[in-house]
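Structural overview
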Amino acid sequence: MIHLYEDYYCSVDSVGNYTLQIDTHKTDKEGKTIYKSLGFYRSLTNCILFGLKRQFDVKTLSELDCSLQDAIKVITENDILVKNILEEKIKE
């Protein structure tokens, strides 16, 4: 499993499918962390650029009552956030 950002992770199956997941902060009977699947992607890049960004957009916009102009600003800010996350991970 690949840690992306905060509680967001990406798992890869044996055929190369990528699943964006979020840590639910719950555990099963065996003490393993329970993750919630948020989307399925064909590449890690798509998982990050589309999946993670979509989650940021949905989370932010669902909490706002705003104009289209404000929504576009939020989406643009989330684009920058995702790019910054990628740049930070590359530097590590």
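Before reading further, recall that the structure is shown in the block above.
A short tour of the structure in this document, coming up. (Residues numbered from 1 in each chain as written. Predicted model: local features only at pLDDT ≥ 70, side-chain atom pairs only at ≥ 80, totals over all residues. Heavy atoms only, no water.)

Residue placement: Lys-53 occurs in helix α1 (residues 44-62). A distance of 3.3 Å separates a polar atom in the side chain of Lys-53 from a polar atom in the side chain of Asp-79. What Lys-53 contacts, discounting residues up to four positions off in sequence, is Ile-48, Ile-75, Asn-78, Asp-79 and Val-82. (Helix = DSSP H or I, 4+ residues; strand = E, 2+ residues; numbered from the N terminus. Polar contact = N/O pair within 3.5 Å; in protein donor to acceptor, adjacent residues only side chain to side chain. Contact = heavy atoms within 4.5 Å.)

Before going further, it helps to spend a moment on the nonpolar core. With twelve residues, the main nonpolar core is built from Leu-4, Tyr-8, Cys-10, Tyr-18, Leu-20, Tyr-41, Cys-47, Ile-48, Leu-52, Phe-56, Val-82 and Ile-85. Listed by contribution, the elements that provide at least two residues to this core are β2 (8-12), β3 (18-27), α1 and α2 (68-91). Among the elements that take part in this core, α1 stands out by supplying four residues, more than any other. Val-82 has contacts with Ile-48, Leu-49, Lys-53 and Phe-56, leaving out every residue within four places of it along the chain. (Core = buried A, V, L, I, M, F, W, Y, C linked by side-chain atoms within 4.5 Å. Buried < 20%, exposed > 50% of the residue type's maximum accessible area, 1.4 Å probe, protein only.)

What follows concerns the pairing of β3. Across five bridges, β2 lies against β3 in antiparallel orientation. Of the residues in β3, the one forming a bridge with Cys-10 is Leu-20. Hairpin connection of β2 to β3: five residues between the antiparallel strands, including Gly-16 at a positive phi of 90 degrees. Across eight bridges, the pairing between β3 and strand β4 (residues 33-41) is antiparallel. Each bridged residue has a counterpart across the sheet, and for Gln-21 the counterpart in β4 is Ser-37. (Pairing = 2+ DSSP bridges.)

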